[in-house]
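Here's the letter readout for the chains.
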Amino acid sequence: MLSTSHEVKDLLGNDLDTVHFFVLRGRAAILRIQPVLVRLSSLCEQTGAMDYLEYFLTGPDNLKKIPYLVLVGKRSDLNLTELRAEDLKGAVLVYEYKVLGMPSRVFTTSDFNGSRAVIAPPTERTKISASVGRYLMAHSAQVVMLSYAGEGNEKWSECFDGSEGDKKRLWTTQTREVGATIVLEKTGDETLAAMGKHTRRNLRYYRRKAEAELGCTFEGDVKSVLNKAQLIELNAASTHPVSEVVLERRYRTMKELDGLFCVGVKTPDGQWMGLLGGRRHHGVSEIDWQMNRGGLEKYSVGTVIRAYLIEHEIAIGTDRLFFEGGTPHSMRNAFISEKAVDIVVAQRSLFVSLLRRLAHWSPPKNNFLLQTLVDPALRWELH
């Protein structure tokens, strides 16, 4: 059910249009309108952004937070049971951190690449993000960080002009390079041509070496044959083992969710040298994780499986490979240029002051929001 409805003036630019905010709280409520979000993504040139909504809502980090979906409606009389994508200007998925099990009033899109949380037409993403940020701040948020795909060419101050109050809030923005996509051409050679000479050599060399010395083969559909015991065994022997919780989720989602895939390289006796998993949709294969068996460093298993992967994805008609979170592999130098924008708004409060001080004292390694709050390169403005 709709948990809240609110109407405000959208003080962005010259046109003071009325916008209507509707907020859904909780995973079940959000998942019920996934078909609407999938359609909205297509209308906003973000096809596929909401295809795996359940997968991301139930990620280990996101399960620790409270999810909210802020719908920006074109009118005030929207009915959830009859909602259409055409009734919306946009939608923003945010997560509220919990501290000791309690809501913290700190919100983030939890979307480093900015590709699947802010759904709006390209020309409206800044306005939609800023208006949602202001709406959340007006409803007791302490910190809001919204990330979306695009470039921040707008005059940022105009996004916050007209705010009520006596300059009690801080805001900042940044545009980041987040490229993690490789374009697949018609052939493997054409695809490798976009990579550096060293990378091309290694992809070819290590594959031939593994085939000649280990007799390895590639399996393009591991999902249908892999059992849990094999996954546990490989994880225990891998170069970077993951926790039991993460491993269980990988196995369960791979087996249960449509569109998830797993490929691998194995030796003649059936032992897995490496596995790689992800999601496929609309000509894009998104790589989520990889596991490489330890003790095979001279064969560079990570390079071998990528060499096979490129060939396999081209054969099945994939247009692009996307590496979730990037990759340390040298093929990252062939990533196409992609940008993400962050808008951060914070109250001038004791809570925020203590939060920033704590982040300074103990720099967070895996929390992008806290890293941003204490980034000395960012310039904060009052509004």
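Anything mentioned here points back to the structure above.
Residues numbered from 1 in each chain as written. Predicted model: local features only at pLDDT ≥ 70, side-chain atom pairs only at ≥ 80, totals over all residues. Heavy atoms only, no water.

### Remarks on empty space enclosed by the protein
Here is step 1: For the structure on display, the rule yields one cavity of 30 Å³ or more.
Here is step 2: Taken together, Tyr-55, Arg-250, Thr-253, Met-254, Leu-260, Phe-261, Gly-277, Gly-278, Arg-279, Asp-288 and Trp-289 form the lining of the largest cavity.
Here is step 3: Elements that contribute at least two residues to the lining of the largest cavity include exactly helix 9 (244-256), strand 11 (260-266), strand 12 (272-281) and strand 13 (284-292).
Here is step 4: Taken together, the residues of the lining of the largest cavity break down into five nonpolar, three polar and three charged. (1 Å grid on protein atoms, 1.4 Å probe; cavity = no way out; pocket = protein on both sides within 12 Å on 5 of 7 lines; lining within 4 Å. Points joined across faces, edges and corners; volume = space filled by probe spheres on them. Helix = DSSP H or I, 4+ residues; strand = E, 2+ residues; numbered from the N terminus. Nonpolar A, V, L, I, M, F, W, Y, C, P; charged D, E, K, R; others polar.)

### Description of the packing of helix 7 (residues 197-214) against helix 10 (residues 301-315)
Here is step 1: The N-to-C vectors of helix 7 and helix 10 enclose an angle of 105°; their axes lie 8 Å apart at closest approach. Between helix 7 and helix 10, the interaxial angle falls into the category roughly perpendicular. Residue-level inspection shows Asn-202, Leu-203, Tyr-206, Arg-207, Ala-210 and Glu-211 of helix 7 in contact with helix 10, the latter providing Thr-303, Val-304, Arg-306, Ala-307, Tyr-308, Ile-310 and Glu-311.
Here is step 2: Class assignment for the residues of the contact of helix 7 with helix 10 results in seven nonpolar, two polar and four charged. (Axes fitted to C-alpha atoms, helices over the stretch in contact; angles between N-to-C directions. Parallel < 35°, antiparallel > 145°, perpendicular 65-115°, else oblique. Contact = heavy atoms within 4.5 Å.)

### As for the layout of surface pockets
To locate leftover empty space, one rolls a probe as large as a water molecule over the atoms.
Here is step 1: If you add up the space inside the second largest pocket, you get close to 610 Å³.
Here is step 2: Forming the walls of the second largest pocket are 25 residues, and the residues nearest its centre are Thr-47, Ser-115, Ala-149, Glu-286 and Glu-338.
Here is step 3: Those elements that place two or more of their residues in the lining of the second largest pocket are strand 12, strand 13 and strand 14 (320-323).
Here is step 4: In terms of residue class, the lining of the second largest pocket is built from eight nonpolar, nine polar and eight charged.

The values reported here are purely geometric and, on their own, carry no functional implication.
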